[in-house]
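Chains, contacts and geometry: an overview
Residue-level listing of the chains:
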Amino acid sequence: LGELRILETGDELLLDTDRVSLQDLFDLLRRSTIGYAVELHKRTVQRSLFALVGPSSDDVLRAAGADVPPDAEHAHVATTVAGHAVRVVRTAFGADVLADAEAGATEPVRAALISAGAVPAPEEAADIVRVRAGRPRFDVDLDDATIPQEAGLNERLVSFTKGCYVGQETVARLFYKGKPNRHLRGLALEAAEAPGTPVHLSPAADGTPGREVGRLGTVVDDPDAGPRALALLRREAEPGDVVVVGDIQATVVALPFT
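Conventions used here
Residues numbered from 1 in each chain as written. Predicted model: local features only at pLDDT ≥ 70, side-chain atom pairs only at ≥ 80, totals over all residues. Heavy atoms only, no water. Helix = DSSP H or I, 4+ residues; strand = E, 2+ residues; numbered from the N terminus. Contact = heavy atoms within 4.5 Å. Pairing = 2+ DSSP bridges. Axes fitted to C-alpha atoms, helices over the stretch in contact; angles between N-to-C directions. Buried < 20%, exposed > 50% of the residue type's maximum accessible area, 1.4 Å probe, protein only. Polar contact = N/O pair within 3.5 Å; in protein donor to acceptor, adjacent residues only side chain to side chain. Core = buried A, V, L, I, M, F, W, Y, C linked by side-chain atoms within 4.5 Å. Salt bridge = Lys/Arg side-chain N within 4 Å of Asp/Glu carboxyl O.

**Brief notes about the side chain of Ser21**
Along the chain, Ser21 turns up in helix α1 (residues 19-32). Once residues lying within four places of it in the same chain are set aside, the contact partners of Ser21 are Leu1, Gly2 and Phe138.

Encoded structure:
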């Protein structure tokens, strides 16, 4: 249904997810709370989030006077920036800073981070970092028909020792007894193509068109490597294979990109 980060803050569990997944996850949790003493609140407009991406993220936090969380992904710490309470969360690419928009913290925190050395950047720049690392995004590279193991999510996002979850039987059966029919792959493209463009195997020697094995997800123009993409591809398309994407060719790459 989506990728969800759950933070224990002491007073509550703070659930952080992409906006596109919010309503489905909220509805599922609401149905699951029957018989439990729990309250659900949407904090979307009450919180703001600043993503620090890059090797200097911790330097920016320290220069802004904030405490730095441990190195483990999702580790978090309550601290302050520009006199406002914030929560800093470790990510794979730096750190996220959660601020209280309702208390007027958004602009002071943003200004303090920029003053400390952060440089405003478009989301496309963050996508390049994400694609290099082979990190898919829900509703772009994945959807509710994706089995976690297909996208390489088991080690990072799935527990096989905790309680029940959506799709548990299918996920567990594939993990213990099966073999995924699809894999998240990288594609080194000859030229940029639009997300959603079909990916086909190369034509046979007799000219017969190759079968469709997937569609493009995130597409970026990497300044160091040219056009790249993520795609869930059937296992017939193996790393090193040349495939056809729209009107161009592409090479299948095992993730992460080197």
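**Some remarks on the sheet that holds strand β8 (residues 198-201)**
Ordered by their spatial adjacency, six strands build a closed barrel running β7-β10-β9-β8-β11-β12, and the pairing between neighbours is antiparallel. Direction aside, the axes of adjacent strands within the sheet are offset by 40° on average. Both β8 and strand β9 (residues 212-222) contribute to a ladder of three bridges, which runs antiparallel. Looking at β9, one finds that His200 is bridged to Glu212.

**Section: the sheet that holds strand β5 (residues 84-91)**
A sheet is described by the order of its strands in space; here four strands give the open sequence β3-β6-β5-β4, paired in antiparallel fashion. Two strands in the sheet have a free side with no partner beyond their single neighbour: β3 (47-53) and β4 (76-81). Mean inter-strand twist for the sheet, computed between neighbouring axes without regard to direction, equals 30°. Where helix α3 (residues 106-115) meets the sheet, it contacts β3, β4, β5 and β6 (94-100), and its direction lies at approximately 10° from that of β3.

**Points about the environment of Asp141**
Here Asp141 is to be found in the loop between α4 (123-133) and α5 (154-157). For Asp141, a relative accessible area of 8% translates into the label buried. In this structure the C-alpha to C-alpha distance between Asp141 and Ala151, which are 10 residues apart in sequence, comes to 8.9 Å. Residues contacting Asp141, with those up to four places away along its chain left out, are Arg130, Pro136, Gly217, Thr218, Leu230 and Leu232. Looking at Asp141, its side chain comes within polar contact range of the side chain of Arg130, at 3.1 Å.

**Topic: the pairing of strand β1 (residues 4-8)**
By the alternation rule, side chains of β1 split into Arg5 and Leu7, which are all buried, and Leu4, Ile6 and Glu8, of which none is buried. By the bridge criterion, five bridges tie β1 to strand β2 (residues 13-17) in an arrangement that is antiparallel. Looking across to β2, one finds that Glu8 is bridged to Leu13. Between β1 and β2, which pair antiparallel in sequence order, lie four residues; one of them, Gly10, sits at a positive phi of approximately 100°.

**Considerations on the side chain of Asp58**
Inspection of the secondary structure puts Asp58 in helix α2 (residues 57-63). Its relative accessible area of 16% is what places Asp58 among the buried residues. Aside from chain neighbours lying at most four places away, what touches Asp58 is Val68 and Arg90.

**Let's talk about unusual backbone geometry**
Glycine aside, residues mostly have negative phi angles, and peptide bonds mostly take the trans form. The peptide bond linking Leu255 to Pro256 adopts the cis configuration, its omega dihedral lying at 0°. By secondary structure assignment, the location of Pro256 is in the segment after β12 (248-253). Look at His74: it is not a glycine, yet its phi comes out positive at around 80°. Of the residues examined, His74 reaches a relative accessible area of 30% and is grouped as partly exposed. One non-glycine residue with positive phi stands out, namely Ala82, at about 55°. By the element assignment, Ala82 lies in the loop between β4 and β5.

**Comments concerning the nonpolar core**
Counting residues in hydrophobic clusters, the biggest one holds 18 residues, and the most contacted among them are Leu52, Leu61, Val81, Val86, Val97, Val109 and Leu113. Listed by contribution, the elements that provide at least two residues to this core are β3, α2, β5, β6 and α3. Once you skip the residues sitting within four places of it in the chain, Leu52 turns out to touch Ser57, Val60, Leu61, Phe93, Gly94, Ala95, Asp96, Val97, Leu113 and Ala118. Counting 14 residues, the second largest nonpolar core, distinct from the first, contains Val213, Leu216, Ala229 and Ala231.

**Comments concerning the pattern of salt bridges**
Scanning all chains against the criterion turns up 22 salt bridges. Here Arg137 ties to Asp18 by a salt bridge, and the two come within 3.6 Å at their closest N and O atoms. On the criterion of sequence distance, the pair formed by Arg137 in the loop between α4 and α5 and Asp18 in the loop between β2 and α1 is long-range, its members being 119 residues apart. Close ionic contact of Arg47 with Asp100 constitutes a salt bridge, the shortest N to O distance being 3.8 Å. Here the residue Arg47 occupies a position in strand β3, and Asp100 occupies one in strand β6, the gap between them amounting to 53 residues. A relative accessible area of 29% places Arg47 in the partly exposed class. Counted as one network, the salt bridges with shared partners bring together Arg132, Asp222, Asp224 and Arg228.

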